[in-house]
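Residues per chain are reported as follows:
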Amino acid sequence: GENVEQHPSTLSVQEGDSAVIKCTYSDSASNYFPWYKQELGKRPQLIIDIRSNVGEKKDQRIAVTLNKTAKHFSLHITETQPEDSAVYFCAASSGNKLVFGAGTILRVKS
Amino acid sequence: NAGVTQTPKFQVLKTGQSMTLQCAQDMNHNSMYWYRQDPGMGLRLIYYSASEGTTDKGEVPNGYNVSRLNKREFSLRLESAAPSQTSVYFCASSEVFGTAAYEQYFGPGTRLTVT
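Cut-offs and rules
Position numbers for residues start from 1 in each chain and track the written sequence from start to end. Going through the entries in the order they are written, you letter the chains from A and number the ligands from 1. Per-residue local features of the predicted model are confined to residues with pLDDT of at least 70, and side-chain atom pairs are confined, for both listing and counting, to 80 or more; whole-chain, interface and lining totals are unaffected and use all residues. Computation of side-chain values covers all heavy atoms of the structure but excludes hydrogens and water. At least two DSSP bridges between two strands are required for those strands to pair. Elements are defined by DSSP. Helices are runs of H or I of four residues or more, strands are runs of E of two residues or more, and each kind is numbered from the N terminus. Throughout, an axis means a line fitted to C-alpha atoms (over the contacting stretch in the case of helices), and angles, computed between N-to-C directions, take values from 0 to 180 degrees. For cavity detection a 1 Å grid was placed over the protein atoms alone, and a set of points counts as a cavity when a 1.4 Å probe fits there but cannot get out; an open set counts as a pocket when protein lies on both sides within 12 Å along at least five of seven lines, with lining residues being those that have an atom within 4 Å of a point. Grid points are joined across faces, edges and corners, and a volume is the space filled by probe spheres set on the points. Residue polarity follows a fixed list, in which Ala, Val, Leu, Ile, Met, Phe, Trp, Tyr, Cys and Pro are nonpolar, Asp, Glu, Lys and Arg are charged, and the others, Gly among them, are polar. Only Phe, Tyr and Trp rings take part, Trp by its six-membered ring, and two of them pair if their centres are within 6.5 Å. Stacked means planes under 30 degrees apart, edge-to-face means over 60, and tilted covers everything else. Only protein chains enter the accessibility calculation, which uses a 1.4 Å probe; a residue whose area is less than 20% of its type maximum is buried, one above 50% is exposed, and one in between is partly exposed. A pair of cysteine sulfur atoms is labelled a disulfide when the two atoms are within 2.5 Å.

(A) Structural context of the sheet that holds strand β8 (residues 74-78) of chain B. All names here are of chain B. Taken together, the 4 strands give an open sheet; going across it, the order is β1-β3-β8-β7, and neighbouring strands pair in antiparallel fashion. Of all the strands in the sheet, the pair left with one neighbour each is β1 (4-7) and β7 (64-68). The mean inter-strand angle of the sheet, taken between neighbouring strand axes irrespective of direction, is 20 degrees. Note that strand β3 (residues 19-25) and β8 share 3 bridges and pair antiparallel. Each residue of the ladder has a partner; that of T20, found in β8, is R77.

So this is what it looks like as structure tokens:
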């Protein structure tokens with residue numbers, strides 16, 4: 001079955017800097033790659049997703065890139081703000097199941 | 001729209017007790033899911049229901065049972081709770097068309113402690 005690895009497990013950046021979180025997946029049939037943000041005590045919420053027929057997608061300060069050959073995808077957050085502090089999860093899916101990475105705790109220091 | 005709702009929000013059980021976690025969605029989604037979240041381990045799929053009338057095991061199904069009561073409701077039952085089942089449980093729903101998955105919407109979670 002699918003296996004998703006996520007790095008780093010924690011990431012501290014200064015406000016205004018960029019943050020990059022990387023994930024690798026094992027199943028070449030996976031075709032949907034969402035990223036979720038989870039604030040302390042809250043539910044996970046989708047922030048951006050990408051499908052396997054697209055290499056890059058942007059939404060304001062957030063972008064995701066996908067390299068199907070290498071089976072990895074990354075989340076890029078530019079101009080980080082304190083409210084970006086949260087746990088971020090990547091996931092991969094080849095149908096109706098998502099497999100999640102273990103999560104990255106992002107701390108933005110002001 | 002309430003989205004995905006879960007009850008209860010918190011629960012404390014003694015080892016060996018049973019309980020049912022309830023989940024409902026009002027988005028007319030076909031697929032529903034139960035996850036558990038433990039520190040440092042992300043979200044792990046317990047069971048899912050691709051459509052009304054079907055259920056399948058996920059990554060960590062042992063000790064749990066599920067019922068897809070109708071299109072809206074998907075319940076998770078712990079028959080004999082164990083301390084290893086202490087966790088935060090999330091229900092989610094989504095649409096899936098063929099092999100194309102879409103955003104999963106999560107409920108607020110149930111924090112379960114088994115002593």
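There is more to say, and it comes next.
(B) A look at the layout of surface pockets. Computed from the structure, the largest pocket encloses a volume of approximately 850 Å³. Q38(A), E39(A), G41(A), K42(A) and Q37(B) are, among the 34 residues lining the largest pocket, the residues nearest its centre. Residue assignment for the lining of the largest pocket shows that the elements contributing at least two residues are β4 (32-38), β5 (45-51), β9 (86-93) and β11 (104-109) of chain A together with β9 (87-94) and β13 (110-114) of chain B. Split into classes, the residues belonging to the lining of the largest pocket amount to 15 nonpolar, 11 polar and 8 charged. Roughly 430 Å³ of volume is contained in the second largest pocket. Listing elements by their share of the lining of the second largest pocket, those giving two or more residues are β9 and β10 (98-100) of chain A together with β5 (43-49) of chain B. By residue class, the composition of the lining of the second largest pocket is 9 nonpolar, 9 polar and 5 charged.

(C) Fine view of the packing of aromatic side chains. Across all of its chains, the model carries 13 aromatic pairs over all chains by this definition. With a centroid separation of 5.6 Å and an interplanar angle of 65 degrees, the aromatic rings of W35(A) and F73(A) are classed as edge-to-face. Placement of W35(A) in strand β4 and of F73(A) in strand β8 (residues 72-77) is noted, with a sequence separation of 38 residues between them. The buried category is assigned to W35(A), whose relative accessible area is 0%. Judged by relative accessible area, which is 0%, F73(A) ranks as buried. Clustering of aromatic rings is evident, with ring pairs tying together Y36(A), F100(A), Y33(B), Y35(B), Y48(B), F90(B) and F106(B).

(D) The state of the cysteines, seen in detail. Under the criterion given, the structure shown has 2 disulfides over all chains. Paired by a disulfide, C23(A) and C90(A) hold their sulfur atoms 1.9 Å apart. Measuring the twist about the S-S bond at about -100 degrees, one finds the C23(A)-C90(A) disulfide to be left-handed. Placement of C23(A) in strand β3 (residues 19-25) and of C90(A) in strand β9 is noted, with a sequence separation of 67 residues between them. What makes C23(A) buried here is its relative accessible area of 0%. A relative accessible area of 0% means that C90(A) is categorised as buried. In this model C23(B) forms its disulfide with C91(B); the gap between the sulfur atoms is 1.8 Å. Measuring the twist about the S-S bond at about -75 degrees, one finds the C23(B)-C91(B) disulfide to be left-handed.

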